[in-house]
Amino acid sequence: MSKFQLLLDQFPVEIIFDVFKYFTASEILYSFYNFSRYLRQCIRSYQKYKINFTSISKNEFDQICKIIRPDQILALTLSDDEETPGQTALFFTRFPRFEQQFIRLECLHIRNFEEFPGLSQMESLHTLSIDFIHWPLYAFELVPIQQFDDKLANMFRLPTLRTLILNKESLNIRFNLKILPIAEQVHKFQFHLRTIDNFPFIFNFIPNIQKLTISLNTTSFDTDLTSKLYVPYSLTHLTIKICFGLRDEIKQIIQSCSNLIYLNIHIERNQTDSYQWFDGNWWQSLIDQFLPQLKVFRLRIDLNASLDLVVIKDLLKTFQTTSWTNNQQRYQSFIIGVMSFDILPNINCKQQLISSRTLVINLSHNESFGQPLYRASNIESLTLQHESNTEECYVISDLIEIERYMSNFSTLVHLKLNTTCTMTSFAFTQLLNMAPRLTRLTISSFSNHLCQLNNLVCPQIRWLDMKRQYLPSKFRMKFCSLFPCLEHLLNCYLYNEEDFEVLIENLRCLQCLTSHIQSCYFDSDAELNEWLQKHTHLKNFIFKLINERQILLWIGGCNSNIARPIMNSMKNR
């Protein structure tokens, strides 16, 4: 036994628990479970786990569910998407008495909840966050929407609920807010509010609301903005993100919230009329007239590159008054959000860089465009495209063509290739060498993209989205050799079941697969399960059958190339 191991075993359990706060559940099990008997006892005794099952491997999921008890968990995030299909259903087969087992659960984050049980008996749950998403390529019909309405109404009846977050997705705007019951116990609400017209419904069913966060992306359908909104006196904190809106609408909201002590407004970059917001005198008069108790006001306006900078320079002078620069009564801040390539007027305003981790490069055969005005940095997702009136494909033969646009590749994680843009094997090898974190690849054309890489081996690529491109049967073995460490294969279209079997057999690290098999037709989950058991070596898996040919598969066990010290330790015991 090492001296370091002896030292950790001498630490009191309180210090060990403090260390656990900085690790995920998977990291705790992987790092400490095999360390010593004392640390295993600490792991079994720790009661403040915050577990996030997003993008987790099935092996890790299985081990966490096996070792950590439900009454040890304070926060839980369940994810049921392309990378973890069927996770929610599997979770509730492991814990069928969810309400009785997770007695200390305080925060719950889920995606949709068509498979979720009732929460009426949860005694500690105070924060609920729900993502409403569409499964790829398939839209919900009216009946599921109505089911969501009913279940959402039941969520509002949860007696211990204090905070409810409905994350910004397109599905949110279709909820019937009129049917929601009154929830006097809810104090904090976050919602993607399509228009100001839905404002009254929020205050009707949450009469004691204290903190409200909303985003607006459409102007009001009601042209009459003269009527005052009824806002509960309890509302003291308001955060608004304006994707698209009018000044009069914001004025109507603010003048109705007389008890605010905190106001945070963020005007996003792509506005139809951005000039209307650059008026410091208007904002100041609005606050002075309607918000006498306001203590904190934060205003951020993202600068649109298409604006006339001479006009903007004049407008920004309205934010140079003493009310903004030297106010004593309240903390006011005005920030201009800028992209790294924006040219700002020479004026004394605080500037904040808009964090953009995504870069789209439109490559052209015409070299007359010259050198770009700036070179982006800290890019995580890079899209290469070529817009042309012809079907001619732009071929990148040397990485220098991209280096004109990026200062470095060290942070690049995901490369997306448009249909009419590709890379030679030499250029792709250059990119892999310069981008050590590049593990994700999205292709839009099999012939233009993968055929170019025919002579390579790319163990660095772990995640591949084929965007519904068919994988030719004659290329399937070379495909497995090209990506020997592939863990996630998404939207891969196959011609027959033999192609499916070859992928399962040869991609030994595969953790999830979403596939469409043209020649197969499965009538039921039972039929697909029987076929998988008979034609593949898979033992530990779960799946979703989206339609008769669309399969989403989540794989654990021997196919996953993840070290399993936890399992080995349990066998040794």
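The structure presented is a predicted model; accordingly, all values stated were derived computationally and were not measured.

What counts and what doesn't
- Residues numbered from 1 in each chain as written.
- Predicted model: local features only at pLDDT ≥ 70, side-chain atom pairs only at ≥ 80, totals over all residues.
- Heavy atoms only, no water.
- Helix = DSSP H or I, 4+ residues; strand = E, 2+ residues; numbered from the N terminus.
- Buried < 20%, exposed > 50% of the residue type's maximum accessible area, 1.4 Å probe, protein only.
- Contact = heavy atoms within 4.5 Å.
- Areas by Shrake-Rupley, 256 points an atom, 1.4 Å probe, with all protein chains shown as cover.
- Salt bridge = Lys/Arg side-chain N within 4 Å of Asp/Glu carboxyl O.
- Phe/Tyr/Trp six-rings, centres within 6.5 Å; stacked < 30°, edge-to-face > 60°.
- Lys NZ or Arg CZ within 6 Å of the ring centre and 35° of its normal.
- Polar contact = N/O pair within 3.5 Å; in protein donor to acceptor, adjacent residues only side chain to side chain.
- pLDDT = per-residue confidence, 0-100.
- Pairing = 2+ DSSP bridges.
- Axes fitted to C-alpha atoms, helices over the stretch in contact; angles between N-to-C directions.
- Parallel < 35°, antiparallel > 145°, perpendicular 65-115°, else oblique.
- Left-handed = near helix turned anticlockwise from the far one by under 90°.
- Nonpolar A, V, L, I, M, F, W, Y, C, P; charged D, E, K, R; others polar.
- Arc of directions from axis to C-beta.
- Core = buried A, V, L, I, M, F, W, Y, C linked by side-chain atoms within 4.5 Å.

On to the overall build of the chain, then. Within the chain one finds 20 helices and 23 strands. In the chain, buried positions account for 50% of the 573 residues. Looking at the chain alone, contacts between residues at least 24 apart form 67% of all its contacts between residues at least 6 apart. On the chain, roughly 27300 Å² of surface is accessible, and the fraction owed to carbon and sulfur atoms is 49%.

The final tally for this structure, using the stated rule, is 15 salt bridges. Its salt-bridge partner being R111, residue D131 comes within 4.0 Å of it at the nearest N-O pair. In this pair, D131 is assigned in strand β4 (residues 127-131) and R111 in strand β3 (residues 107-111), connecting sequence segments 20 residues apart. Residue class for R111 comes out partly exposed when judged on its relative accessible area of 29%.

Turning our eyes to something else, we now look at the packing of aromatic side chains. For any pair of aromatic rings, geometry is given as the distance between the ring centres together with the angle between the planes. Under the defined criterion, the tally for this structure stands at 31 aromatic pairs. Their ring planes at 90 degrees and their centres at 5.3 Å tell us that Y470 and Y493 sit as a pair that is edge-to-face. With a gap of 23 residues between them, Y470 in strand β19 (residues 463-470) and Y493 in strand β20 (residues 488-494) connect regions that are remote in the sequence. Exposure remark for Y470: the relative accessible area of 26% places this residue in the partly exposed category. In this structure, R40 packs its charged tip against the face of Y33, placed 6.0 Å from the ring centre.

Moving on, we get to the environment of R508. The residue R508 is located in the loop between α18 (497-506) and β21 (512-517) in this model. Looking at R508, the relative accessible area reads 37%, which means it is partly exposed. Taking the C-alpha atoms as reference points, R508 and L486, 22 residues apart in sequence, are found 8.1 Å from one another. Looking at R508, its side chain comes within polar contact range of the main-chain oxygen of E505, at 3.2 Å. For R508, the side chain forms a polar contact with the side chain of H537, separated by 3.5 Å.

Moving on, we get to the confidence of the model for the chain. In the predicted model, the chain carries a mean pLDDT of 83, and the fraction of residues at 70 or more is 83%. The least confident element of the chain, judged by mean pLDDT, is helix α20 (residues 565-572) at 37; the most confident is strand β18 (residues 440-442) at 96. Low confidence marks residues 135-144, where pLDDT is under 50. Its contacts with residues over four positions away, or in another chain, come to 22 contacts. Taken as a whole, residues 559-573 scores under 50 in pLDDT and shows 39 contacts with residues more than four places along the chain or in a different chain.

A word on the sheet that holds strand β16 (residues 414-417). Taking strand neighbours across the sheet as the criterion, the 9 strands line up as β13-β14-β16-β18-β19-β20-β21-β23-β22 in an open arrangement whose pairing is mixed. Of all the strands in the sheet, the pair left with one neighbour each is β13 (358-362) and β22 (541-545). Adjacent strand axes in the sheet meet at a mean angle of 15 degrees when their direction is disregarded. Here β16 pairs with β18 via 3 bridges, running parallel. The residue of β18 that forms the bridge with L415 is L441.

For any two helices packed against each other, the geometry is given by the interaxial angle and the distance between the axes. Contact geometry of α18 with helix α19 (residues 525-535) gives a least axis separation of 11 Å together with a crossing angle of 60 degrees. As far as their axial angle goes, α19 and α18 are oblique. The two elements α18 and α19 cross, and the hand of that crossing is right-handed. Contact with α18, carried on its side by E497, F500 and E501, involves W531, L532 and H535 of α19 and no other residues of that element. For the contact of α18 with α19, the per-class residue count stands at 3 nonpolar, 1 polar and 2 charged.

Interhelical geometry of helix α10 (residues 247-255) versus helix α11 (residues 280-290) gives an angle of 25 degrees and a closest axis separation of 10 Å. Between α10 and α11, the crossing angle belongs to the class labelled roughly parallel. Crossing of α10 over α11 shows right-handed handedness. In contact with R247, I250, K251, I254 and Q255 of α10, α11 contributes W282, W283, L286 and F290. Here the contact of α10 with α11 is built from residues that sort into 6 nonpolar, 1 polar and 2 charged.

This part covers helix α15 (residues 425-434). Every buried residue of α15 is accounted for by S425, A427, F428, L431 and L432. Down the axis of α15, the buried set is contained in an arc of 160 degrees. They therefore lie on one face.

On to the pairing of strand β23 (residues 550-555), then. Counted residue by residue, β23 has 6 buried out of 6 residues, so it is predominantly covered. Alternating residues of β23 divide into Q550, L552 and W554 and I551, L553 and I555, and every residue in both groups is buried. Pairing geometry for β22 and β23, over 5 bridges, is antiparallel. Paired with L545 across the strands is I551, a residue of β23. Between β22 and the antiparallel strand that follows it, β23, lie 4 residues.

L76, F91, F98, F189 and W283 are the most contacted members of the largest nonpolar core, which has 105 residues in total. Element by element, the count of residues in this core is highest for α11, at 5 residues. Apart from residues lying up to four places away in sequence, F98 is in contact with L76, F91, F92, L105, L108, F116, P117, L119 and M122. One finds I379, C421, I551 and L553 within the second-largest nonpolar core, a separate group that totals 64 residues.

All right, on to the pairing of β4 then. Counting buried positions along β4 gives 5 out of 5 residues, so the element sits mostly inside the fold. Both faces of β4 are covered, namely the face carrying T127, S129 and D131 and the face carrying L128 and I130. As judged from the 5 bridges shared by β3 and β4, these two strands associate in the parallel manner. Paired with R111 across the strands is D131, a residue of β4.

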